[in-house]
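Fold and contact review
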Amino acid sequence: MSGPSTYVPANGFTRWLDSRLPILRLMNDTMTSFPTPRNLNFWYTFGGILTFCLAVQIVTGIVLAMHYVPNDKMAFDSVENIMRDVNYGWLLRYVHANGASMFFLAVYIHMFRGLYYGSYKAPREVLWILGVVIYLLMMATGFLGYVLPWGQMSFWGATVITNFFSAIPVVGESVTHWLWGGFAVGDPTLNRFFSLHYLLPFVIAGVVGLHIWALHVPGNNNPLGIDVKGPQDTVPFHPFYTAKDAFYLVLFAILFAGLVFYSPNFVGEVDNYTPANPLVTPEHIVPEWYYLPFYAMLRSVPDKLLGVLTMFGAIAILFFAPWLDTSKVRSARFRPLLKPAFWLLVADCLILGYVGKNKPDAMLLSTGIPLLWIGRIGTLYYYGYFLVLLPILGLIETPKPLPESIAKAVGDKSHAAE
Amino acid sequence: MASTISAEPTRRDFLYVATGAAGAVGAALAAWPFIDQMNPTSAVLALSSIEVDLSPVQEGQQIVVMWRSKPVFVRRRSKKEIAEVRSVPLSDLIDPLARNANLAETAPATDENREVKPEWLVVVGICTHLGCIPLFNQGNFGGYLCPCHGSQYDAAGRVRKGPAPENLYVPPYAFLNDTKIKIG
Amino acid sequence: MKLALRIAAPLAALLVATPAFAAGEDLTKAIPPKEEHWSFQGPFGMYDKAELQRGFQVYKEVCSACHSLNRVKFYTLADEGGPGFTPAEAKAIAAGYQIEAEPNDKGELFDANGERLKRPGILADHFPAPFPNEQAARAANGGAAPPDLSLIAKAREDGPNYIHSLLTGFGQPVPAGYKLPEGKYYNPYFPGRAISMPPPLTEGAVTYADGTKATVDQMSTDVTNFLMWAAEPKLEERHRLGFGVMAFLLVLAGLCYLSYRRVWKDTAH
């Protein structure tokens, strides 16, 4: 933690406990007295929101597993029984299914916020890398979970995604057979996917613990991207950020509830309400929306192996962002060249998502421009942002002058008087 | 630091208490679906009462039907069996209570209190000792013998020899017509 | 050349006043379903019990000849948020169906004539399927197995509108240049526009007990409502609970906002 502990046990019992298991001290130092920059804005509330999402997914998942049957003959039926017969089963399942989307929505905002304010830069490289690990685990968990209802999109999504591994030279086929436990996606696959889908969220929770630990060593970055100079720049986490996080968490919950209660199948695919059929491929296989940009990148490369590498590379490249960025300034607020490049990256990811959603031979609206080419340009820009723009812009741009301190920048009158 | 940051709320502040209370109430209400989901599903409840056709059962025979995942003996007793169990004085019984869900808990274990119609004995086929399933028409009392620990029941399903402490339970049931009963 | 066509064709389509009938219309592509208003739409949407009961009658007397409804159990007919039958009515409906019986005392599933033994349905049973298995369904219907209808309203894009458009979309003239395969029916709302199902609804195919006139459009509307309920039986419960949750969250958001402002009142940030 930054700075010595401020915890003072209040009574005899807490003193006794503190000398044996200083858990109250830990909680106090991380969640109560933790000095947090006073200028964190709305975009910094998503860390707390993500913790909430993980908790919701784990709790609803545990109770859904009480009714779900991981068997290729019974999985679809068991999900429908949850929807129809289990008390509040429809609610639990819709929360879990839409919870995945809300989780990814929050994590994307969280990641883009990190990219914008330079939160990945020294001394927070490990914090960022742990975040990317969490994101990777989330992608794996989300994919495994989407297979479980054993509808058409589950089955064919699993077939397409596991076939990525067949692109590996020499051992590709053996690897896919090993993944499937057979010669195609089938009952053994479903069973192991269920086991892993149950396991991975707890691994995520563990890495989240490390992520928060790594956050509390250097402390939060902030929208100005400048270091905390002293106590005048910070406020204790509680009640300042507990109150702020709580308010935005409730707003997030309203959006979440709106989806669950009024449009529960909005993010789903209709084909997944048809039981898996290994003899019939749906007309148009699409992954869940949160994978679409990567799906577009995969399809933008005509070669199988290169396509898979391009897709995985797009995530792998995030690990190196701390060292690809050469700028001495963290926040894009003070980086006139990076700022537009960043917003172009955001737009690029949305465009890639649109490309991934459409059929591979589709045209842009009715202009006759093939989406394939838009996907290719989008893929190039995505890689270009990390491999070209981050290293070069840091060297050539002239940052705007940085404020002297957070307290000065926010115009704290009480300090001005001191 | 402490001197400048003075927004630490007072515990009595009504707004904070109200916010915290609302949050706590919400969390408590949200817990209910997670608890209720473990209760029997509507599919299970739809099978909580069953109808049994008595017409194929001959005198001296019994059928076993499943009700709420438990075996229920439906036995058509002969006149001789009825006369036999009705001649047993209550003082000979180990369990003096009828254990009939259709009657008051204190009803005595006379044979009349064990059936709705004298000809038909309907009991849950689970030994009241440790849950084994008694065998039909075995033992010395013209009723049932539990293979696990040797408890014996008469043709009214009343325990006559230990270690079972209680008579076989009579489930709630009613005659819909002469040949059909509804259990549960 | 090819690229030029790619750009020219949609441009030409844009120039024509009614794009749907433009020369370049792809006759193998389904046209989008007609937009209807449904009582279950919107945050306060509920089912119309009379529509559901009539729709059930249409399913029972027309659709069920070929289509199963495997996931709908009879007791749900009396559930809250459903067609509003009484438990006794639901029981009578169940008893009106013959369900494949469990093995009898001798372990037999078939009688002396080789007929499958049956028993009257009970509340816990689901609607019996018209065909014993998919192969039989396929063989009896010219190679196209009629899909189970339990989830059809959720398993098709824009489900309710699609079902209603499809059911009322028969009998349109086959456009010139469209080759209708042998034994198929032209229906512009069906993918590929050639459907194996013959027009299922004809004027007066059922006689409604409540005196509603059984037009094709009416029967289609009713059965669409019924199928939506079959696919989403908890919709009313969802909308009702959703209202309570939303109201609570809005109040909580207000309180949280005030607390948040109060906490930060004297702190510049």
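Just above, that's the structure.
Definitions and limits used
- Residues numbered from 1 in each chain as written.
- Chains lettered and ligands numbered in written order.
- Predicted model: local features only at pLDDT ≥ 70, side-chain atom pairs only at ≥ 80, totals over all residues.
- Heavy atoms only, no water.
- Helix = DSSP H or I, 4+ residues; strand = E, 2+ residues; numbered from the N terminus.
- Rg over C-alpha atoms; globule rule 2.2 N^0.38 Å.
- Buried < 20%, exposed > 50% of the residue type's maximum accessible area, 1.4 Å probe, protein only.
- Contact = heavy atoms within 4.5 Å.
- Lys, Arg positive; Asp, Glu negative; His and termini not counted.
- Charge placed at Lys NZ, Arg CZ, Asp CG, Glu CD.
- Patch = residues over 30% accessible without salt bridge, like charges linked within 9 Å, V, L, I, M, F, W, Y side chains within 5 Å.
- Areas by Shrake-Rupley, 256 points an atom, 1.4 Å probe, with all protein chains shown as cover.
- Salt bridge = Lys/Arg side-chain N within 4 Å of Asp/Glu carboxyl O.
- Buried area = accessible area lost by both parts, 1.4 Å probe.
- Polar contact = N/O pair within 3.5 Å; in protein donor to acceptor, adjacent residues only side chain to side chain.
- Nonpolar A, V, L, I, M, F, W, Y, C, P; charged D, E, K, R; others polar.
- Phe/Tyr/Trp six-rings, centres within 6.5 Å; stacked < 30°, edge-to-face > 60°.
- Pairing = 2+ DSSP bridges.
- Expected span 1.5 Å × (residues − 1).
- Disulfide = S-S within 2.5 Å.
- Axes fitted to C-alpha atoms, helices over the stretch in contact; angles between N-to-C directions.
- Parallel < 35°, antiparallel > 145°, perpendicular 65-115°, else oblique.
- Core = buried A, V, L, I, M, F, W, Y, C linked by side-chain atoms within 4.5 Å.
- Domains from an automatic or database assignment.
- Left-handed = near helix turned anticlockwise from the far one by under 90°.

Notes on the overall build of chain B
For chain B, the count of helices and strands is 3 helices and 10 strands. Going residue by residue from the N terminus, the α and β elements of chain B occur as α-α-β-β-β-α-β-β-β-β-β-β-β. Computed over its C-alpha atoms, the radius of gyration of chain B comes to 27 Å, more than 25% above the 16 Å expected for a compact globule of 184 residues. Along the first, second and third principal axes, the C-alpha set of chain B runs to 95 × 35 × 30 Å. Across the 184 residues of chain B, 41% fall into the buried class. Long-range contacts, defined here as pairs at least 24 residues apart, represent 54% of the contacts in chain B between residues at least 6 apart. In chain B, which carries 18 positive and 18 negative side-chain charges, the distance between the mean positions of the two groups comes to 1 Å.

Some points on the overall build of chain C
If you tally the helices and strands in chain C, you get 8 helices and 4 strands. Each helix (α) and strand (β) of chain C, taken in turn from the N terminus, gives the series α-α-α-β-β-α-α-α-β-β-α-α. What you see for chain C is a C-alpha radius of gyration of 25 Å, clearly larger than the 18 Å of a compact globule of 269 residues, by over 25%. The C-alpha extent of chain C, read off along each of the three principal axes, is 90 × 60 × 40 Å. When the 269 residues of chain C are sorted by exposure, 40% land in the buried category. Summarising the internal contacts of chain C: among those between residues at least 6 apart in sequence, 62% fall at separations of at least 24.

A look at a nonpolar patch on the surface
Residues and elements named next belong to chain A. Residues Leu337, Leu387, Val388, Ile392, Leu395 and Ile396 make up a contiguous nonpolar surface patch of roughly 570 Å² in combined accessible area. Positionally, leucine 337 belongs in the loop between helix 13 (321-324) and helix 14 (338-357). A relative accessible area of 37% means that leucine 337 is categorised as partly exposed.

Remarks on the interface of chain A and chain C
On the side of chain C, 40 residues touch chain A, which itself brings 44 residues to the contact. Between chain A and chain C, roughly 3,700 Å² of surface is buried when both sides are summed, and carbon and sulfur atoms account for 66% of that area. The interface formed by chain A and chain C contains 2 salt bridges. One salt bridge in this structure joins C:Lys73 and A:Asp85, with 2.7 Å as the shortest N-O distance. The interface formed by chain A and chain C includes 12 residue pairs in polar contact (both at pLDDT 80 or more). Of all the elements, helix 10 (residues 237-262) of chain A adds the most residues to the side of chain A that touches chain C, at 17 residues. Class assignment for the residues of the side of chain A that touches chain C results in 29 nonpolar, 8 polar and 7 charged.

A look at the packing of aromatic side chains
Residue and element names in this part refer to chain A. Counted according to the given criterion, the structure contains 55 aromatic pairs over all chains. Measuring from ring centre to ring centre gives 5.7 Å for tyrosine 108 and tyrosine 135, while their planes differ by 70°; the resulting arrangement is edge-to-face. Of this pair, tyrosine 108 sits in helix 5 (residues 89-116) while tyrosine 135 is found in helix 6 (residues 125-147), placing the two residues 27 residues apart along the sequence. Residue tyrosine 135 is classed as buried on the basis of its relative accessible area, which comes to 2%. When the centroid spacing of 5.9 Å and the interplanar angle of 55° are considered together, the rings of tyrosine 116 and tryptophan 343 count as tilted. Residue tyrosine 116 is located in helix 5, and its partner tryptophan 343 is located in helix 14; the two are separated by 227 residues in the primary sequence.

Focus on the sheet that holds strand 5 (residues 135-136) of chain B
All names here are of chain B. Across the sheet, 4 strands lie side by side as 5-6-7-8; this open sheet has antiparallel pairing. Each edge of the open sheet is held by one strand with a lone partner, namely strand 5 and strand 8 (159-161). Note that strand 7 (residues 152-154) and strand 8 share 2 bridges and pair antiparallel. Note on strand 8: the bridge partner recorded for glutamine 152 is lysine 161.

Observations concerning helix 1 (residues 14-36) of chain B
With 23 residues, helix 1 of chain B extends 33 Å between its outermost C-alpha atoms, agreeing within 8% with the 33 Å of an ideal straight helix rising 1.5 Å per residue. Residues of helix 1 of chain B that are buried in the fold lie against helix 5 of chain A together with helix 8 (235-264) of chain C.

Examining unusual backbone geometry
Residue A:Ala122 is joined to A:Pro123 through a cis peptide bond whose omega torsion reads 5°. Position of A:Pro123 relative to the elements: it lies in the loop between helix 5 and helix 6. With omega at 5°, the peptide bond leading from A:His238 into A:Pro239 counts as cis. Along the polypeptide, A:Pro239 turns up in helix 10. Residue B:Asn137 is not a glycine yet carries a positive backbone phi of 55°.

Focus: the state of the cysteines
Residue and element names in this part refer to chain B. With the rule as written, the count across this model stands at 1 disulfide over all chains. Note on cysteine 127: no disulfide assigned, nearest cysteine sulfur contributed by cysteine 146 at a separation of 3.8 Å. Judged by its relative accessible area of 4%, cysteine 127 falls in the buried class.

Quick word on the pairing of strand 4 (residues 120-124) of chain B
All names here are of chain B. Burial analysis of strand 4 places 5 of its 5 residues in the buried class, which makes it a mostly covered element. Bridge count between strand 3 (residues 70-76) and strand 4: 5 bridges; the pairing is antiparallel. Within strand 4, the residue paired with arginine 76 across the bridge is tryptophan 120.

Considering the packing of helix 8 (residues 172-180) of chain A against helix 9 (residues 187-216) of chain A
Geometrically, a packed helix pair is captured by the angle between its two axes and the distance between the axes. All names here are of chain A. Between helix 8 and helix 9, the least distance of the axes is 7 Å, while the angle of their chain directions is 70°. Our classification of the angle between helix 8 and helix 9 gives roughly perpendicular. Residues Trp178, Leu179 and Trp180 of helix 8 form the contact with helix 9, whose participating residues are Pro188, Thr189 and Arg192. Considered class by class, the residues forming the contact of helix 8 with helix 9 number 4 nonpolar, 1 polar and 1 charged.

Topic: the pairing of strand 10 (residues 180-183) of chain B
Residue and element names in this part refer to chain B. Burial of strand 10 is one-sided: the residues Ile181 and Ile183 facing one way are buried, the residues Lys180 and Lys182 facing the other way are not. The pairing of strand 1 (residues 50-53) with strand 10 spans 4 bridges and is antiparallel. What sits directly across from glutamate 51, in strand 10, is lysine 182. Two strands pair when backbone bridges link them, and strand 9 (residues 173-177) and strand 10 are joined in this way by 4 bridges, in the antiparallel orientation. Following the sheet pairing, alanine 174 is matched in strand 10 by lysine 182. Remark: 2 residues form the turn of the hairpin made by strand 9 and strand 10, two consecutive strands paired antiparallel.

Section: the sheet that holds strand 9 of chain B
Residue and element names in this part refer to chain B. If you walk across this open sheet you meet the 3 strands as 1-10-9, and the pairing is antiparallel. Where the open sheet ends on each side, the last strands, each with one partner, are strand 1 and strand 9. Adjacent strand axes in the sheet meet at a mean angle of 30° when their direction is disregarded.

Regarding the nonpolar core
Of all hydrophobic cores here, the largest spans 173 residues; its most connected members are A:Tyr135 and A:Phe386. Broken down by element, this core gets its largest block of residues, 15 residues, from helix 5 of chain A. Inspection of this core shows a minimum of three residues originating in each of domain 1 (35-281) and domain 2 (286-405) of chain A. One finds B:Ile50, B:Phe73, B:Val123 and B:Tyr153 within the second-largest nonpolar core, a separate group that totals 27 residues.

Digging into the packing of helix 3 (residues 46-65) of chain A against helix 10 of chain A
Residues and elements named next belong to chain A. Relative orientation of the contacting elements helix 3 and helix 10 amounts to 50°, with a least axis distance of 9 Å. The angle between the axes of helix 3 and helix 10 places the two elements in the oblique class. In this structure, helix 3 crosses over helix 10, and the sense of that crossing is right-handed. Residues Phe46, Ile49, Phe52, Cys53 and Val56 of helix 3 touch helix 10, and the partners they reach there are Tyr248, Leu249, Phe252 and Phe256.

Looking at the environment of A:Thr274
Note that A:Thr274 resides in the loop between helix 10 and helix 11 (292-300). Take A:Thr274: its relative accessible area is 26%, and that puts it in the partly exposed class. When the C-alpha positions of A:Thr274 and A:Gly151 are compared, they lie 5.4 Å apart, and in sequence the two are 123 residues distant. Not counting residues within four places of it along the chain, the set of residues in contact with A:Thr274 comprises A:Phe76, A:Gly151, A:Gln152, C:Ala155 and C:Arg156.

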